[in-house]
Amino acid sequence: MIYHCEDRTCNYWDEGEKLPERCPQCGRKLLRANETDMTGDDWTALGNTLWDAEASDKKRMVDCFRKAAYLGSAWGVCNLGICMEQGNGVEADPVQAFWLYQQAVEMGSLNAVCCLGVCYQYGIGTAPDAEKAAELYCKAAEYGSPRGQMLLARAFHDGIGVEADAAEAVHWVRAAAYQRYGEGMHRLGECYAYGDGVEQNWEHAVHWFREAAESGVSEAMTDLGYCYEKGCGVEQSWEQAFSWYRRGAECGDPVSMCNLGLCYKMGHGVEQNWQEAIKWYEQGAQCGDLQSMNNLAYCYERGEGVEQNEDRALYWYRRSAEGGNGNAMCNLGWCYKRGYGVEQNLQEAVKWYEQGAQCGNLQSMHNLACCYERGEGVEQNEDRAFYWYRRSAEGGHGDAMCNLGRCYKRGYGVEQNWQEAVKWYEQGAQCGNLQSMNNLAYCYERGEGVEQNEDRALYWYRRGAEAGSVHCMFCLGWNYSNGVGVKQDMTEAIRWYTAAAEGGNAAAMHSLGWHYDHGEGVEQDMKKAIYWYERAAEQNRPAAMNSLGECYAMGRGVPRDLETAMEWYRRAAELGEAMADYNMGWHLEQAGKLSEAYAHYRKAADGNDDSAWWALGRFYENGVVVAQDGKEARRCYETGEKLGSVKCKMRLARCKLLGIGGRREKKAGLDLCRQALELAKESSEKEDYGYEAEMNLLRRTIAENES
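No experiment lies behind these values; they were computed from the predicted model shown. (Residues numbered from 1 in each chain as written. Predicted model: local features only at pLDDT ≥ 70, side-chain atom pairs only at ≥ 80, totals over all residues. Heavy atoms only, no water.)

1. Examining unusual backbone geometry
Inference 1: Look at Asn-540: it is not a glycine, yet its phi comes out positive at around 65°.
Inference 2: Position of Asn-540 relative to the elements: it lies in the loop between helix 28 (526-538) and helix 29 (542-554).
Inference 3: Take Asn-540: its relative accessible area is 46%, and that puts it in the partly exposed class.
Inference 4: Although it is not a glycine, Asn-608 sits at a positive phi angle of roughly 65°.
Inference 5: Looking at the secondary structure, you find Asn-608 in the loop between helix 32 (594-606) and helix 33 (610-622). (Helix = DSSP H or I, 4+ residues; strand = E, 2+ residues; numbered from the N terminus. Buried < 20%, exposed > 50% of the residue type's maximum accessible area, 1.4 Å probe, protein only.)

The structure is reproduced here in structure tokens:
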């Protein structure tokens, strides 16, 4: 049974076993049709209803168009041509389609004029002829066809068969939009949004996006949602953005599906709902949206809203990457680099980073640069590393800006240039890159590439710390602890050391442990001191291992255990902690193992430990293990004094008084000894091994030489 709407302007036609009560388009009454009375256009309208039907009904659709063509309907002839062109319900035959379009044009079909122009533009059923295509588009446009106007606008925009003219393109887009043609209204909104052929105007863009969206254009719903999301041309509103993304998604726009999923994931404009986020990512992915595929893969990778699944993550990353999504190319490269969901393959990682970089993905560029710098999956190449760091940095990637600054600082792949280093650190810092903030602060602190400025150093350490950089937190704590660039404030120092330590910074853990150990800025608490020393030692912080060794050696906060102390000293020394070598030397000396002690003192001195020079000086002064040598002893004391050792200062004063390693200067030597003794009374070195004995020795020496 064939039936139609009683309102002929509605033009709804369909068929079925029973007559429905109302027209699904306008709600009017439906009437049964008599096939013998149906016109060609009636058969075309019925065929159009079947256009989106199941494959089994496609033959019926084509039959309707054939009947329409037989009855002289230009509309039906044109639609039959479309079926032939697309292979919809019939085997594709572009030549036959081209002929049918020609016949429909002769019969007066404006849509056929457009279709024939498309055939000439793309060479469908005929040789390509851009000028002929533009001529046909112009004909259809001037007769008022909104589709023709849009095709002509595209021709002027891209220079297809005519000279490119952006203003003329907008003229024809506007003509289509004024006819309430959905695609035209949406495109006019895009022109205003991007300043394409007209002066950029977000308010006008929003107007036309809204007009197109209200007429049912799903892409316009997406763009209107974006305007509300970003506050472009309207007051920012996540609720409105969510509303339009939902409308666009429900109308089938894959980009809206992706954006709607993101709203549910982040709780933007709606209560956070991971299951809904996954649902919309899944729908967007199934519709072919590459970003939805990438986002869905990310959820599978992290186990967000769905059970973690490496295989599914890899599958969707690959689908998205192979479709051309730069983010997915980068993520697929990461999978190959880490062996995530696939066997590790650095060459494949580089391949996908390369493809992502060529697509303009900034993270891919940065990762590719890292591979060239480290020689991972590709031959190490400073020039290529520098090239990709620069490309990524110039595109606005914060990590790349930081690494580009580092290249200039070290002269890696480029001539060393401190000013350029600071410039890129500055840009990275302004982009919110935490490592750039830290590096910039360091440059101001040291006066490297920029005039030394404690205030600017403190500013950037604070910016980085407040943004979450644990290293900046540590540095800010150090500044407060030492009164550098700011008034000394131990409460603030402890606050930032604690924040950094709790954030995992080993240096801060050690510093916090030291303050609890010595009761500086905080009440002494050996339990907390040991806790933080151990936490830092677990991260292979050699200074913390040395401090733990000292605690065990002295029985401070833990039972005295020299064997455990020596083990911590040994571990710290192996990691290059010179003070640990000195401490090992001291305990070996006390145990009478002088040769071993000397070896550790020598190693510690080579690492510029000031106390080690004092110990070596004593060995040379007294001929212990080595030949007695006053001059060498004096040289050791002088070196240690320059490094800040008060014990060396006391020994050196004694050498001058007694003439050890040089001419004796009794009066000057006594003055130096007295000065050294006064300094020693106030020194923070008083807890060092042998310090009290050294002061007593100096007192005796002064007393013996004052008479």
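2. Observations concerning the packing of aromatic side chains
In this description, an aromatic ring pair is defined by two values, namely the gap between the centres and the angle between the planes.
Inference 1: Within this structure, the stated rule accounts for 16 aromatic pairs.
Inference 2: The interplanar angle of 80° and the centroid separation of 5.0 Å between the aromatic rings of Tyr-459 and Trp-460 together place this pair among those described as edge-to-face.
Inference 3: Ring centres of Tyr-598 and Tyr-620 lie 6.4 Å apart, and the angle between their planes is 75°; on these two criteria the pair is classed as edge-to-face. Residue Tyr-598 is found in helix 32, and its partner Tyr-620 is found in helix 33; the two are separated by 22 residues along the sequence. The residues Tyr-598 and Tyr-620 share a single accessibility class, namely buried.
Inference 4: The rings of Tyr-582, Tyr-598, Tyr-601, Phe-619 and Tyr-620 are connected pair by pair, giving a single aromatic cluster.
Inference 5: Over the ring of Trp-614 we find Arg-618, and its NZ or CZ is 4.2 Å from the ring centre.
Inference 6: If you follow Lys-647 out to its NZ or CZ, it ends over the ring of Trp-614, 4.0 Å from the centre. (Phe/Tyr/Trp six-rings, centres within 6.5 Å; stacked < 30°, edge-to-face > 60°. Lys NZ or Arg CZ within 6 Å of the ring centre and 35° of its normal.)

3. Things to note about the pattern of salt bridges
Inference 1: Under the definition given, this model contains 37 salt bridges.
Inference 2: Here Glu-420 makes a salt bridge to Lys-423, at a shortest N to O gap of 3.6 Å. Within this pair, Glu-420 and its partner Lys-423 are both found in helix 22 (residues 418-430), separated by three residues, close to a single helical turn.
Inference 3: A salt bridge links Arg-570 to Glu-574, with the shortest nitrogen-to-oxygen separation between them at 2.6 Å. One end of the pair, Arg-570, and the other, Glu-574, are both in helix 30 (residues 562-574), four residues apart, so they sit about a helical turn from each other.
Inference 4: Through salt bridges with shared partners, a single network forms among Glu-621, Arg-651, Arg-654 and Glu-694. (Salt bridge = Lys/Arg side-chain N within 4 Å of Asp/Glu carboxyl O.)

4. As for the packing of helix 14 (residues 274-286) against helix 15 (residues 290-302)
Inference 1: With their axes 8 Å apart at the nearest point, helix 14 and helix 15 run at an angle of 140° to one another. The angle between the axes of helix 14 and helix 15 places the two elements in the oblique class. The handedness of the crossing between helix 14 and helix 15 comes out as left-handed. Residues Trp-274, Ile-278, Tyr-281, Glu-282, Gly-284 and Ala-285 of helix 14 lie in contact with helix 15, whose contacting residues are Ser-292, Met-293, Asn-295, Leu-296, Cys-299 and Tyr-300. (Axes fitted to C-alpha atoms, helices over the stretch in contact; angles between N-to-C directions. Parallel < 35°, antiparallel > 145°, perpendicular 65-115°, else oblique. Left-handed = near helix turned anticlockwise from the far one by under 90°. Contact = heavy atoms within 4.5 Å.)

5. A word on the layout of surface pockets
Inference 1: The calculated volume of the largest pocket comes to roughly 1,200 Å³.
Inference 2: If you go around the largest pocket, you meet 34 residues; those closest to its centre are Trp-514, His-518, Glu-550, Met-579 and Asp-688.
Inference 3: Among the elements of the structure, helix 25 (470-482), helix 26 (490-502), helix 27 (506-518), helix 29, helix 31 (578-590) and helix 33 are those that each provide at least two residues to the lining of the largest pocket.
Inference 4: For the lining of the largest pocket, the element with the highest residue contribution is helix 27, accounting for six residues.
Inference 5: Looking at the lining of the largest pocket, its residues break down into eleven nonpolar, twelve polar and eleven charged.
Inference 6: Roughly 320 Å³ of volume is contained in the second largest pocket.
Inference 7: Lining of the second largest pocket is provided by 18 residues; of these, Asn-438, Asn-439, Tyr-442, Tyr-461 and His-471 occupy positions nearest its centre.
Inference 8: At the level of secondary structure, the elements contributing two or more residues to the lining of the second largest pocket comprise helix 21 (398-410), helix 23 (434-446) and helix 25.
Inference 9: In terms of residues, the lining of the second largest pocket owes the most to one element, helix 23, which gives six residues.
Inference 10: For the lining of the second largest pocket, a count of residues per class yields seven nonpolar, six polar and five charged. (1 Å grid on protein atoms, 1.4 Å probe; cavity = no way out; pocket = protein on both sides within 12 Å on 5 of 7 lines; lining within 4 Å. Points joined across faces, edges and corners; volume = space filled by probe spheres on them. Nonpolar A, V, L, I, M, F, W, Y, C, P; charged D, E, K, R; others polar.)

6. Quick look at helix 15
One turn of the α-helix equals 3.6 residues, which is why residues spaced by three or four share an orientation.
Inference 1: An ideal rise of 1.5 Å per residue puts 18 Å on 13 residues; helix 15 measures up with 19 Å between its terminal C-alpha atoms.
Inference 2: Looking at helix 15, one finds that the buried residues are Ser-292, Met-293, Asn-294, Asn-295, Leu-296, Ala-297, Cys-299, Tyr-300 and Glu-301.
Inference 3: Where helix 15 is buried, its residues meet helix 13 (254-266), helix 14, helix 16 (310-322) and helix 17 (326-338). (Expected span 1.5 Å × (residues − 1).)

7. Observations concerning the sheet that holds strand 3 (residues 30-32)
Inference 1: Taken together, the three strands give an open sheet; going across it, the order is 2-1-3, and neighbouring strands pair in antiparallel fashion. The sheet terminates laterally at strand 2 (13-15) and strand 3, the two strands that pair on one side only. Between one strand and the next, the sheet's axes are offset by a mean angle of 30°, whatever the strand orientation.
Inference 2: In this sheet, strand 3 lies alongside strand 1 (residues 2-5) in antiparallel orientation, the contact comprising three bridges. Its bridge partner lying in strand 3, His-4 is registered against Leu-31.
Inference 3: Contacts from helix 1 (residues 40-49) reach strand 1 and strand 2 within the one sheet, and its direction differs from that of strand 2 by about 65°. (Pairing = 2+ DSSP bridges.)

8. Digging into the environment of Gly-644
Inference 1: Here Gly-644 lies in the loop between helix 34 (630-642) and helix 35 (646-658).
Inference 2: On the accessibility criterion, Gly-644 (43% relative accessible area) is partly exposed.
Inference 3: Note: C-alpha distance between Gly-644 and Ser-683 (39 residues apart in sequence) is 11 Å.
Inference 4: For Gly-644, the contacting residues outside a window of four places in its chain are Asp-610 and Glu-685.

9. Points about empty space enclosed by the protein
Inference 1: Inspection of the entire model under this criterion finds one cavity of 30 Å³ or more.
Inference 2: When its volume is computed, the largest cavity comes out at roughly 40 Å³.
Inference 3: Lining the largest cavity we find Glu-445, Glu-454, Ala-457, Leu-458, Tyr-461, Asn-479, Val-484 and Gly-485.
Inference 4: By residue number, the principal contributor to the lining of the largest cavity is helix 24 (residues 454-467), which donates four residues.
Inference 5: Its residues assigned to classes, the lining of the largest cavity shows four nonpolar, two polar and two charged.

10. Section: the environment of Asn-438
Inference 1: By the element assignment, Asn-438 lies in helix 23.
Inference 2: On the basis of relative accessibility, which here comes to 7%, the residue Asn-438 falls in the buried class.
Inference 3: On a C-alpha basis, the gap between Asn-438 and Thr-126 in space is 64 Å, while along the polypeptide they are 312 residues apart.
Inference 4: Among all residues touching Asn-438, those that are not within four sequence positions of it are Tyr-461, His-471, Cys-472 and Cys-475.

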